[in-house]
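Chain by chain, the residues:
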There are 2 protein chains.
Amino acid sequence: MAELYLEDFAVGQRFISATHRIDADQIKAFASRFDPQPFHTDDIAAQTSFFKGLAASGWHTAAITMSLLVKSDMPIAGGLIGAGGEITWPRPTRPDDVLQVESEILAVTPSRSRPERGTITVRSETKNQNGEVLQVLTSKMLVWRKPT
Amino acid sequence: MAELYLEDFAVGQRFISATHRIDADQIKAFASRFDPQPFHTDDIAAQTSFFKGLAASGWHTAAITMSLLVKSDMPIAGGLIGAGGEITWPRPTRPDDVLQVESEILAVTPSRSRPERGTITVRSETKNQNGEVLQVLTSKMLVWRKPT
């Protein structure tokens, strides 16, 4: 796919990523490093936790979402550079969930001060194989204008 | 430190985490898995990128921030369970930065429908060894009331 510049984006465009299957080993490995809490690292302890079973760290879901966006979804010229965003996790990511990201362009905003760039606002829903939404990320990303 | 319940939190309380030094190997390892873009994985290519040098994925900074919160900062009873939040990365995280998280309680909100729980709103600034802010995360976390 051709690399995308600011001029290539329009409100309402949609992008769909490839998929990634997460398993219990991935969940525990990520969590033991970055979110070492029993409901992310221990099947038995997780049963009696708030999550009632092993659940991935939300930051793991976020990281997988990023990998899907980078590898398969939006080939933004110069790379995917996020300034930040809002993130929610409506339900936990479970072992053997198959994650896929559906993104929609909410806004395309040329920079007032820097004519060579702008930002896009993107809403990315990360769903499992049943279509249940695991994460909603609304992010602003830096996008370059086509070189003249 | 004792575990913290909703009654233990008050607006304006501050918490400071331990520190974590990030290095180029960590940056490349995380990025090759979750954010495989040249400015996160390749020192040379990064030099001519937007970041002008190797920079950590923002999601890596977020994951380290979570690890610091979990391991050393806020011992919330039942664990740190986030419903979501807002995240920004004012400047890139660089190799050999020493990260530390400073958190402040912005709001303490009992649940109207579920008397056994509530939420706290927490602003967490992740800074490097020079006091520069690398990430600002404002998150809502689930907190339990003291068992009666």
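Preceding this section is the structure that the text describes.
Student: How should the overall build of chain A be read in this particular structure?
Tutor: A count of helical and extended segments in chain A gives 4 helices and 5 strands. Along the chain direction, N to C, the helices and strands of chain A fall in the order β-α-α-α-α-β-β-β-β. Counting contacts in chain A only where the partners sit at least 6 residues apart, residues at least 24 apart contribute 69% of the total.

Student: I would appreciate a short explanation of the environment of Thr109 of chain B in the present structure.
Tutor: Residue and element names in this part refer to chain B. Topologically, Thr109 is positioned in strand β3 (residues 98–110). Judged by local crowding, Thr109 falls into the partly exposed class, with 13 C-beta atoms found within 10 Å. What Thr109 contacts, discounting residues up to four positions off in sequence, is Gly118 and Thr119.

Student: Would you mind going over the nonpolar core with me for this structure?
Tutor: Burial of nonpolar side chains together is a common tendency in soluble globular proteins. One finds Trp59, Ala62 and Ala63 of chain A together with Trp59, Ala62 and Ala63 of chain B to be the most contacted residues of the largest nonpolar core, which totals 68 residues. Those residues in contact with Ala62 of chain A, other than ones at most four positions away along the chain, are Ile87, Gln135 and Leu137 of chain A together with Trp59 and Ala62 of chain B.

Student: Is there a simple way to think about the environment of Ala45 of chain A in this case?
Tutor: One can find Ala45 of chain A in helix α3 (residues 43–47). With sequence-adjacent residues up to four places away left out, Ala45 of chain A is seen in contact with Pro38 and Phe39 of chain A.

Student: Help me understand the pairing of strand β4 (residues 117–127) of chain A, please; the structure alone is not making it clear to me.
Tutor: Side-chain direction in a regular strand flips from residue to residue, so the side chains alternate between the two faces of the sheet. Residue and element names in this part refer to chain A. Inspection of the sheet shows strand β3 (residues 98–110) paired to β4 by 10 bridges, in the antiparallel sense. In the strand pairing of β4, Glu102 is matched with Glu125. What sits between the antiparallel neighbours β3 and β4 is a turn of 6 residues. As paired elements, β4 and strand β5 (residues 133–144) share 11 bridges and run antiparallel to each other. Counterpart to Ser124 in the pairing with β5 is Leu137. Where β4 hands over to β5, the hairpin turn is made up of 5 residues, of which Gly131 adopts a positive phi near 80°.

Student: Quick question: what am I supposed to make of the relation of the copies chain A and chain B here?
Tutor: In this structure, two copies of a chain are linked by a rotation about an axis accompanied by a shift along it. In screw terms, the move from chain A to chain B is a rotation of 180° and a rise of 0.0 Å along the axis, fitting with an RMSD of 0.0 Å. Each copy turns onto its partner about a two-fold axis. Rotation axis and chain A: the residue whose C-alpha lies nearest the axis is Glu86 of chain A, separated from it by 2.1 Å. Comparing contact sets, 100% of the residues at the interface of chain A also lie at the interface in chain B, consistent with an isologous, same-surface contact.

Student: Explanation requested: the interface of chain A and chain B in the structure shown.
Tutor: Often, the extent of an interface is quoted as the loss of accessible area on bringing the components together. Facing 29 residues of chain A, the contacting portion of chain B comprises 29 residues. Sorting the residues of the side of chain A that touches chain B by element identifies α1 (24–34), α4 (58–73) and β2 (81–88) of chain A as the ones contributing at least two each. Of the residues forming the side of chain A that touches chain B, the biggest block, 9 residues, is contributed by α4 of chain A. Of the residues contributing to the side of chain A that touches chain B, the split by class is 15 nonpolar, 10 polar and 4 charged. Here β2 of chain A pairs with strand β2 (residues 81–88) of chain B via 5 bridges, running antiparallel. By the bridge assignment for β2 of chain B, Ile87 of chain A is matched with Gly85 of chain B.

Student: Quick question: what am I supposed to make of unusual backbone geometry here?
Tutor: Most peptide bonds are trans, and most residues other than glycine sit at a negative phi. The backbone phi angle of Asp96 of chain A is positive, close to 75°, even though this residue is not glycine. The class of Asp96 of chain A is exposed, set by 11 C-beta atoms lying within 10 Å.

Student: Just to check I follow, could you spell out the sheet that holds β3 of chain B for this structure?
Tutor: Neighbouring strands of a sheet are bound in pairs by backbone hydrogen bonds; such pairs are parallel or else antiparallel. Taking strand neighbours across the sheet as the criterion, the 10 strands line up as β1(A)-β3(A)-β4(A)-β5(A)-β2(A)-β2(B)-β5(B)-β4(B)-β3(B)-β1(B) in an open arrangement whose pairing is antiparallel. Of all the strands in the sheet, just β1 (14–21) of chain A together with β1 (14–21) of chain B have a single pairing partner and so form its edges. Recorded for the sheet is a direction-independent mean angle of 25° between the axes of neighbouring strands. Contacting β1, β2, β3, β4 and β5 of chain A together with β2 of chain B, α4 of chain A crosses the sheet at an angle of about 120° to β1 of chain A. The strands touched by helix α4 (residues 58–73) of chain B within the sheet are β2 of chain A together with β1, β2, β3, β4 (117–127) and β5 (133–144) of chain B, with β1 of chain B carrying the most contacts at an inclination of about 120°.

Student: In this structure, what is going on with the pairing of β5 of chain B? I would like to understand it.
Tutor: Pairing geometry for β2 of chain B and β5 of chain B, over 7 bridges, is antiparallel. If you follow Thr88 of chain B over to β5 of chain B, its bridge partner there is Val136 of chain B.

Student: Mind showing me how you'd approach the environment of His60 of chain A here?
Tutor: Residues and elements named next belong to chain A. Mapped onto the fold, His60 is located in helix α4. C-alpha of His60 to C-alpha of Asp96: the two residues are 36 residues apart in sequence and 14 Å apart in space. Excluding residues that lie within four positions of it along the chain, His60 makes contacts with Ile27, Phe30 and Ala31.

Student: Just to check I follow, could you spell out the packing of α4 of chain A against α4 of chain B for this structure?
Tutor: Angle between the axes and distance between the axes: these two values describe a pair of packed helices. For the pair α4 of chain A and α4 of chain B, the least separation of the axes is 10 Å and the interaxial angle reads 170°. One way to sum up the angle between α4 of chain A and α4 of chain B is to call them roughly antiparallel. The segment α4 of chain A lies against α4 of chain B, with Trp59, Ala62, Ala63 and Met66 of chain A engaging Trp59, Ala62, Ala63 and Met66 of chain B. The residue inventory of the contact of α4 of chain A with α4 of chain B, partitioned by class, reads 8 nonpolar, no polar and no charged.

Cut-offs applied
Residues numbered from 1 in each chain as written. Chains lettered and ligands numbered in written order. Predicted model: local features only at pLDDT ≥ 70, side-chain atom pairs only at ≥ 80, totals over all residues. Helix = DSSP H or I, 4+ residues; strand = E, 2+ residues; numbered from the N terminus. Contact = placed C-beta atoms within 7 Å. Buried ≥ 20, exposed ≤ 12 C-beta atoms within 10 Å, placed from the backbone. Core = buried A, V, L, I, M, F, W, Y, C linked by C-beta atoms within 7 Å. Pairing = 2+ DSSP bridges. Least-squares fit on C-alpha atoms with pLDDT ≥ 70 in both. Nonpolar A, V, L, I, M, F, W, Y, C, P; charged D, E, K, R; others polar. Axes fitted to C-alpha atoms, helices over the stretch in contact; angles between N-to-C directions. Parallel < 35°, antiparallel > 145°, perpendicular 65-115°, else oblique.

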